[in-house]
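Each chain is listed here by its residues.
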Amino acid sequence: SLHAQPWVSLAPNLLGAQSSEMGAITHKAGITWAGSHAVFMSLDSGISWTQRWTAPLGKDNIDDIVFYDTKIGLVCTHMGTVYRTDDQGLSWRIIHNLGAYSAAFIGSSDNIIVATGSCATCATTEVTHDGGVTWKPQIQGDWVPQVKALLGGSAIAIAGTYLGGNTIIKTTDYGDSWKTLPGTFDLDADA
């Protein structure tokens, strides 16, 4: 039988003092990306880190980090802005500024789906097929806090309503249409 190994903090001072529980971490093609107010990358499994992005004024929290490959990635902030890099974090540009808190690449670096969190009656998934130049919104509930890519042109997202709870919605056509899967779960389950 295998025994659980203790957790070890590889970079105890990397992120600095935290003002909230926000932050994200991802690993893609041998690179680890992590951050709460800034994005850091590690090429050696967390032994050393290089800062690649800082939130404007250092005040915005990071909700999601996702990379398509070793160079192309997205950062979603708690203020709802999505930043994109095409050069491994050396430069970043805003591609979405309408409340997105989670993102996923679907099949290519041009097909991106974002989840827009909560906005009373305007929470959506939004899709772009041109790398973030134009977006097509779809209303899905009172909040849509998470979206995750599956294989091919598929993705799933959490969508919720105040009266009905959370459900899982799924797309198989790169985000152009969504189907609600059977069942519901508690409203506080959003990760």
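Shown above is the structure to which this text applies.
Here's a quick rundown of the structure. Computed from a predicted model, the values in this text were never measured in an experiment.

Definitions and cut-offs
Residues numbered from 1 in each chain as written. Predicted model: local features only at pLDDT ≥ 70, side-chain atom pairs only at ≥ 80, totals over all residues. Heavy atoms only, no water. Helix = DSSP H or I, 4+ residues; strand = E, 2+ residues; numbered from the N terminus. Pairing = 2+ DSSP bridges. Axes fitted to C-alpha atoms, helices over the stretch in contact; angles between N-to-C directions. Salt bridge = Lys/Arg side-chain N within 4 Å of Asp/Glu carboxyl O. Buried < 20%, exposed > 50% of the residue type's maximum accessible area, 1.4 Å probe, protein only. Contact = heavy atoms within 4.5 Å.

## Describing the environment of Lys-59
Here's step 1: Topologically, Lys-59 is positioned in the loop between strand S4 (50–54) and strand S5 (62–67).
Here's step 2: Here the alpha-carbon distance between Lys-59 and Ser-36, two residues 23 residues apart in the chain, equals 9.7 Å.

## Observations regarding the sheet that holds strand S8 (residues 93–96)
Here's step 1: The antiparallel open sheet is built from four strands, whose spatial order is S5-S6-S7-S8. The sheet terminates laterally at S5 and S8, the two strands that pair on one side only. Between one strand and the next, the sheet's axes are offset by a mean angle of 30°, whatever the strand orientation.
Here's step 2: As defined by bridge partners, strand S7 (residues 82–85) adjoins S8 across three bridges and the pair is classed as antiparallel. Counterpart to Arg-84 in the pairing with S8 is Arg-93.

## A word on the pattern of salt bridges
Here's step 1: In the structure shown here, the tally under the stated rule is two salt bridges.
Here's step 2: Arg-84 is paired through a salt bridge with Asp-86; the nearest N and O atoms lie 2.8 Å apart.
Here's step 3: Where Arg-93 meets Asp-86, a salt bridge forms, and the shortest distance between an N and an O atom there is 2.7 Å.
Here's step 4: Given the relative accessible area of 41%, Arg-93 is considered partly exposed.
Here's step 5: On the accessibility criterion, Asp-86 (34% relative accessible area) is partly exposed.
Here's step 6: Salt bridges here are not isolated pairs; linked through shared partners, they connect Arg-84, Asp-86 and Arg-93.

## Looking at the pairing of S7
Here's step 1: Neither face of S7 is exposed, since Val-82 and Arg-84 on one face and Tyr-83 and Thr-85 on the opposite face are all buried.
Here's step 2: In terms of strand pairing, strand S6 (residues 73–77) meets S7 through four bridges, oriented antiparallel. Within S7, the position partnered with Gly-73 by the bridge is Thr-85.
Here's step 3: Between S6 and the antiparallel strand that follows it, S7, lie four residues; Gly-80 among them carries a positive phi value of about 95°.

## Side note on the sheet that holds strand S1 (residues 24–28)
Here's step 1: One open sheet holds the four strands; their spatial order is S1-S2-S3-S4, and the pairing between them is antiparallel. A single partner strand is all that each edge strand has here, and the edge strands are S1 and S4. For this sheet, the mean inter-axis angle between neighbouring strands, taken without regard to orientation, is 20°.
Here's step 2: Across four bridges, strand S2 (residues 31–35) lies against strand S3 (residues 38–42) in antiparallel orientation. Counterpart to Ala-34 in the pairing with S3 is Phe-40.

## Side note on the environment of Met-22
Here's step 1: Along the chain, Met-22 turns up in the segment before S1.
Here's step 2: Taking C-alpha positions, Met-22 is 6.2 Å from Ile-62, a pair spaced 40 residues apart along the chain.
Here's step 3: Look past the residues within four positions of Met-22 in its chain and what remains in contact with it is Ser-36, Asn-61, Ile-62, Asp-63 and His-78.

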